[in-house]
Amino acid sequence: MSFYSSIVTYYDQIFPLSEQEATFTRLLVEEHGCQTMLDIGCGSGALAYAMTPYMQHIEAFDYDQAMVDKAISLRSHPVIHFRQGDMRCLTEMYRPANYDLVTCYGNTLVHLPQEEALAVLPQVYGLLVEGGVFACQILNYEHIFAENITELPLIERPSLRFERWYELVSPQEVLFHSRLTLTDMADPLDNVIPLYPLNKDELATGLEQAGFTHLQWYGNFGGDVYHGAHLPLIVTARK
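Attention here is on the structure that accompanies the text. (Residues numbered from 1 in each chain as written. Predicted model: local features only at pLDDT ≥ 70, side-chain atom pairs only at ≥ 80, totals over all residues. Heavy atoms only, no water.)

### Some thoughts on the sheet that holds strand β4 (residues 99-104)
To be explicit about the condition: Pairing between strands is defined by DSSP: at least two bridges between the two strands are required. Helix numbering and strand numbering both begin at the N terminus, where a helix is a DSSP run of H or I of at least 4 residues and a strand a DSSP run of E of at least 2. Each axis is a line fitted through C-alpha atoms, taken for helices only over the stretch in contact, and angles between the N-to-C directions span 0 to 180 degrees. Only heavy atoms matter for contacts: two residues are in contact if any of them lie within 4.5 Å across the pair.
Read from one edge of the open sheet, seven strands run β3-β2-β1-β4-β5-β11-β10, paired in mixed fashion. In this open sheet, the two edge strands, each paired with only one partner strand, are β3 (80-84) and β10 (213-218). The average angle at which neighbouring strand axes cross in this sheet is 15°, direction not considered. Sheet topology note: the β10/strand β11 (residues 232-238) ladder contains four bridges and is antiparallel. Directly across from Tyr 218, in β11, lies its bridge partner Ile 234. Of the strands in this sheet, β1 (36-40), β4 and β5 (128-139) are in contact with helix α7 (residues 114-127), which crosses β5 at around 145°.

Below, the structure is given as structure tokens:
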């Protein structure tokens, strides 16, 4: 069982869609007049569902089938089409020049080795209409390595506790450890998955080589300008 399949029942409790994330995305939609959207790594579909009042059509996919099943069961909507998919195969899954907005949040991109992750960017570029927008959020690995950050913020809810920590193997690989403890569970659920960090300059170069322009960097979904000393790293870029 994959990490995400193992926590799918509790995913919305652990990672609820934040108001800031939804507002950040809605403001992009309004600013650029977006009507069509693709959400890469959609999880349980909360972001896609939140954008339904503003969109004519939304495609959303996740690599984990259990997550897709949850999204369909909780958030089916006439505007949204959920499916299982692999972000390495975007051009096989979707029509070119068909989306006003493509989102990839939740540190999704760094689940792929660096070379494969950077190869996703020209595919995203090809799926966007002229003037379309790509919004991507990962973690700020330059800050994490510079400060030797291994403990990530604890997530506590009334019925669960979700601990997260990093094992900094090398600048090219991080092991993401997690422990989910439920009030009615005898033993905690432990997981470990590899992640493959990208830093800001590597991501910027990849976006520019793919053809993107107008790169704007943020330190959180509240829209604060990137200054380096924060965990989130968010970029928007235009075709």
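### Quick look at the environment of Ser 170
Stated formally: Using a 1.4 Å probe on the protein chains alone, a residue whose accessible area is under 20% of its type maximum counts as buried, one over 50% counts as exposed, and one in between counts as partly exposed.
By secondary structure assignment, the location of Ser 170 is in strand β7 (residues 160-170). Of the residues examined, Ser 170 reaches a relative accessible area of 23% and is grouped as partly exposed. For the pair formed by Ser 170 and Pro 197, sequence separation is 27 residues and the distance between their alpha carbons is 9.2 Å.

### Observations concerning the pattern of salt bridges
Pairs can form between side chains of opposite charge whenever their charged atoms are close. Rules: Within this document, salt bridges are pairs made up of a side-chain nitrogen of Lys or Arg and a carboxyl oxygen of Asp or Glu, the two lying within 4 Å of each other.
In the structure shown here, the tally under the stated rule is seven salt bridges. The salt bridge involving Arg 161 is made with Glu 156; its shortest N-O contact spans 3.0 Å. Where salt bridges share partners, they join Asp 86, Arg 88 and Glu 116 into one cluster.

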